[in-house]
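Residue-level structural notes
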Amino acid sequence: MRTGKGVEWAVHTLLNLAWLGGGEPVATAELAAGHDLSPTYLNKQLQQLVKAGLLESVPGARGGFRLARPLAAVSMLDVVLAIEGDEPLFRCAEIRRCGTIGERVPNSSFTRPCAVNSAMERAEAAWRKALADQSLADVQAEAEAEAHAPTIASHVRRGLGRD
């Protein structure tokens, strides 16, 4: 299961906004500069997060983006769905019914769903459940533990010119 880099950018941006604290809006250019990302491309991800209710967009000269809800109320699946959409990852084309093999199998043999499709649906359901079971607060706590210090927030603030 593969996701685009927009998911990674979105998760890091949400975490960075949480580490900044204060709820003040942050401009796209600032958020992009923090990780040397394209502001234009990041803005597309930010707009999708707004549409999904994960961010708020604040207009004006001092506007930007801020968290719409606490990280504990946002799952990894919420972010993936906001950026990638809710389309199934696998689409069965029923090739079992095609070609010389499909021609030799009677239609009465196709009363059950395709086993390949069923296996892929189970795998996707497990993947989605694993993402749904992890909040961004969980990811934030893990990132802070990996940093071996609770100072990651101060590094983010300095990196975004907020300290």
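None of the values given here were measured: they were computed from a predicted structure. Here the residue numbers are simple positions, counted from 1 along each chain's written sequence. Predicted model: local features are reported for residues with pLDDT of at least 70 only, side-chain atom pairs are reported and counted for 80 or more only, and whole-chain, interface and lining totals are derived from all residues. Side-chain metrics rest on all non-hydrogen atoms present in the structure, leaving aside hydrogens and water.

1. Examining the overall build of the protein chain
Put simply, DSSP H or I for four residues or longer makes a helix, DSSP E for two residues or longer makes a strand, and each gets a number counted from the N terminus. When its secondary structure is counted, the protein chain shows 8 helices and 2 strands. Shown N-terminal to C-terminal, the secondary structure of the protein chain runs as helices and strands in the order α-α-α-β-β-α-α-α-α-α. For the protein chain, the spread of C-alpha atoms along the three principal axes comes to 70 × 35 × 25 Å. For the protein chain, the proportion of its 163 residues judged to be buried stands at 33%. By definition, residues are in contact when any of their heavy atoms lie within 4.5 Å. Here the analysis covers contacts within the protein chain between residues at least 6 apart in sequence; of these, 68% occur between residues at least 24 apart. All accessibility values rest on the Shrake-Rupley procedure with a 1.4 Å probe; residue burial counts only the protein chains present in the view. With the model as given, the accessible surface of the protein chain reaches about 9,900 Å², and the carbon-plus-sulfur share is 54%. Charged-residue counts in this description rest on Lys and Arg as positive and Asp and Glu as negative, His and the chain ends being excluded. Charge placement uses NZ in Lys and CZ in Arg. For Asp and Glu, CG and CD serve respectively. When the 18 basic and 19 acidic side-chain charges of the protein chain are each reduced to a single mean position, those positions are 5 Å apart. Think of it in three bands: with a 1.4 Å probe and only protein chains considered, a residue is buried below 20% of the maximum accessible area for its type, exposed above 50%, and partly exposed in between.

2. Focus: the packing of aromatic side chains
Aromatic rings considered in pairs are described by the distance between their centres and by the relative angle of their planes. Note on ring pairs: Phe, Tyr and Trp rings are taken, using the six-membered ring of Trp, and paired if centres are within 6.5 Å. Classes follow the plane angle, with under 30 degrees stacked, over 60 edge-to-face and the rest tilted. With the rule as written, the count across this model stands at 1 aromatic pair. Note on tryptophan 9 and tyrosine 41: the rings are 4.8 Å apart at their centroids and 90 degrees apart in plane angle, and the pair reads as edge-to-face. One end of the pair, tryptophan 9, is in helix α1 (residues 5-20); the other, tyrosine 41, is in helix α3 (residues 39-51), with 32 residues separating them in the sequence. Look at tryptophan 9 and you get buried, because its relative accessible area is 12%. Judged by relative accessible area, which is 29%, tyrosine 41 ranks as partly exposed.

3. Some remarks on the nonpolar core
For soluble globular proteins, nonpolar side chains are generally found buried alongside one another. By nonpolar core we mean a set of buried residues, namely Ala, Val, Leu, Ile, Met, Phe, Trp, Tyr and Cys, connected to one another through side-chain atoms within 4.5 Å. Membership of the largest hydrophobic core comes to 35 residues, with the highest contact counts inside it found for Leu49, Val79 and Leu136. Secondary-structure elements contributing two or more residues to this core are α1, α2 (28-33), α3, α4 (76-84), α7 (136-146) and α8 (152-159). Here this core takes 9 residues from α1, the largest share from any one element. Once residues within four sequence positions are removed from consideration, leucine 136 is found in contact with Val11, Leu14, Leu15, Leu71, Val74, Met76 and Val79.

4. Brief notes about the confidence of the model for the protein chain
Do not read the fine detail of predicted coordinates wherever pLDDT is low. A score from 0 to 100, pLDDT tells how confident the predictor is in each residue. Predicted confidence across the protein chain gives a mean pLDDT of 90, with 96% of residues reaching 70 or more. For the protein chain, per-element mean pLDDT is lowest for α8, which scores 77, and highest for α4, which scores 97.

5. Quick notes on the pattern of salt bridges
One speaks of a salt bridge when a side-chain nitrogen belonging to Lys or Arg is within 4 Å of a carboxyl oxygen belonging to Asp or Glu. Evaluation of the coordinates by the stated rule reveals 6 salt bridges. Among the salt bridges present, the one from arginine 66 reaches glutamate 56, with a minimum N-O distance of 2.9 Å. Of this pair, arginine 66 sits in strand β2 (residues 64-67) while glutamate 56 sits in strand β1 (residues 55-58), and the two are 10 residues apart along the sequence. Exposure remark for arginine 66: the relative accessible area of 29% places this residue in the partly exposed category. For glutamate 124, the salt bridge goes to arginine 128, with nearest N and O atoms at 2.8 Å. Linking glutamate 124 with arginine 128, this pair stays in helix α6 (residues 115-132), spanning 4 residues, or about one helical turn. Summarising the burial analysis for this pair, glutamate 124 and arginine 128 share the class buried. Overlapping salt bridges bring together Asp86, Glu124 and Arg128 as one network.

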